[in-house]
Amino acid sequence: MRSKDIAGELKAALGSDKVFEALEDRVCYAFDATRRRAIPDAVVLPETVEDVATVMRIANELAVPVVPRGAGSGMSGGAIPVRGGIVLAMTHFTRILEIDTDNLMTVVQPGVVTSSLQAEVEKLGLFYPPDPASQDFSTIGGNIAENAGGMRAVKYGVTSDYVQGLQVVLPDGRILRTGSKCVKDVVGYNLTQLLVGSEGTLGVITEATLRLAPLPESKKTMTVTLPGIREVGRTVSEIVKQRIIPTTLEFLDRNAIWSVDQHLALGLPPETGAFLLIEVDGPAAQVEADINRVAAVCRECGGLEVTVAETRDEQDRLWKARRAVSASLARHKPLQKINEDIVVPRAKLPEMVEAIEEISRRTGLLIVNFGHAGDGNIHVNILVKEETAHRAEEAVQSVFEATVRLGGRISGEHGIGITKQDFIGMNIEPDALEVMRSIKDLLDPKHILNPGKIFPEERGV
């Protein structure tokens, strides 16, 4: 069906002010953070759940693809309209509908920016823990669709741990409510958790009920430099053995440290082979005791330089190195930066980083690793130059093979989308994939909702 015909049908039902068909408008919705692109036939900015249902009914009748879109900040191509069709941009769904201080719940629309929600609930002494790195621009709907994680996952878990219920529009236009505000709810199948992490392939999220926590009274931040990645593994294990679960346990490997030092001139000890950023939170007295115990563990495990922040300004200074990693990589001027987000069991992190270092040596590619030491999630950044471009695919394949060999998964946060379709079989066995396809077929028999994602044979680019 031609773009003008699709747009005409939508305008007749919704009004021309909600439907965009000009090329200059459509191009704006053609890409996400992967920098891949595909131009949709039309863009719709719905304002109500009824608008969303109308779009889905029309699309289902015409068998036209629909791609839900939040902020477009995803790293796996989930918001790219690889089969054309309609981009359903949830830009107008930005209201926090309720903050329930009695039940520690909030009800929000999917276009609410994550950090904005956090700021609002913190005014009331409450806390929404999930904190993806994109929290200042990513939206709750996108976080739910990808089951986003973040730095605090080691202690507080990921997005799925906070989703109590959803309002969702199904591919045929039916409006479905799942879950409730009840902490205990075992009535029927858990459709809420089926939809979390489904990457916009099963339904369009129009409202979410989220669990909140009390805002921690205090937090303390520290950094430690270590001789190498083995000492990182030992340090993390010993901290946990002390029955302390930090809020944040971030690491930088040798290449990340070198890159950041080139960028910021941190003046770290020359023998530094790894860097840890650790944060603990809770009651003030407990935080003080915990940070002192963690500092002692770090020194016992070979810490070269242990620094504990005493003020907010000092906390910000300690975070500077971690926040500067991505910017520092741009200084290398790579032809391409491939960003993978593998995850392995926490105790396997040193072995995984060493395997990646060997892949780097073998392929001649600079590979920079940083991420979440507390939960084993590693952001593997493969910096491709013109002379090494022919080895890039080999490097990615080798990283995934090492990940699976160590009991890990090929994605911990970013999802599968279009970037990891060819590799999903490395983690998911054929029978499990068939069950997933059956669920997709049941809810979306015409495969109109975000087609070309997740499953290898449906790859659209």
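Whatever comes next refers back to the structure up there.
Because the structure is predicted, anything quoted here is derived from the model rather than measured.

It is worth spelling out the sheet that holds strand β5 (residues 96-100) at this point. Reading across from one edge, β5-β6-β10-β8-β9 is the order of the five strands in this open sheet, with antiparallel pairing throughout. Sheet topology places β5 and β9 (175-179) at the edges, where each strand pairs with a single neighbour. When strand polarity is set aside, the average angle formed by the axes of neighbouring strands in this sheet is 10°. Against the sheet, helix α3 (residues 49-62) makes contact with β8 (163-169), β9 and β10 (204-211), and its axis sits at roughly 55° relative to β8, the strand it touches most. Where helix α4 (residues 114-122) meets the sheet, its contacts fall on β5, β6 (105-108) and β10, and the angle it forms with β5 comes to roughly 40°.

The alternating pattern of β6 places M105 and V107 and T106 and V108 on opposite faces, both of which are buried. Judged from the four bridges that link them, β6 and β10 form a sheet pairing that is antiparallel. The residue bridging V108 from the neighbouring strand is A208, located in β10.

Turning to the pairing of strand β14 (residues 274-282), a few remarks are in order. Of all nine residues that make up β14, nine are buried, and the element is covered over most of its length. Looking at chain direction, strand β12 (residues 218-226) and β14 are connected through nine bridges and run antiparallel. The residue bridging V224 from the neighbouring strand is L276, located in β14.

Basis of the calculations
- Residues numbered from 1 in each chain as written.
- Predicted model: local features only at pLDDT ≥ 70, side-chain atom pairs only at ≥ 80, totals over all residues.
- Heavy atoms only, no water.
- Pairing = 2+ DSSP bridges.
- Helix = DSSP H or I, 4+ residues; strand = E, 2+ residues; numbered from the N terminus.
- Axes fitted to C-alpha atoms, helices over the stretch in contact; angles between N-to-C directions.
- Contact = heavy atoms within 4.5 Å.
- Buried < 20%, exposed > 50% of the residue type's maximum accessible area, 1.4 Å probe, protein only.

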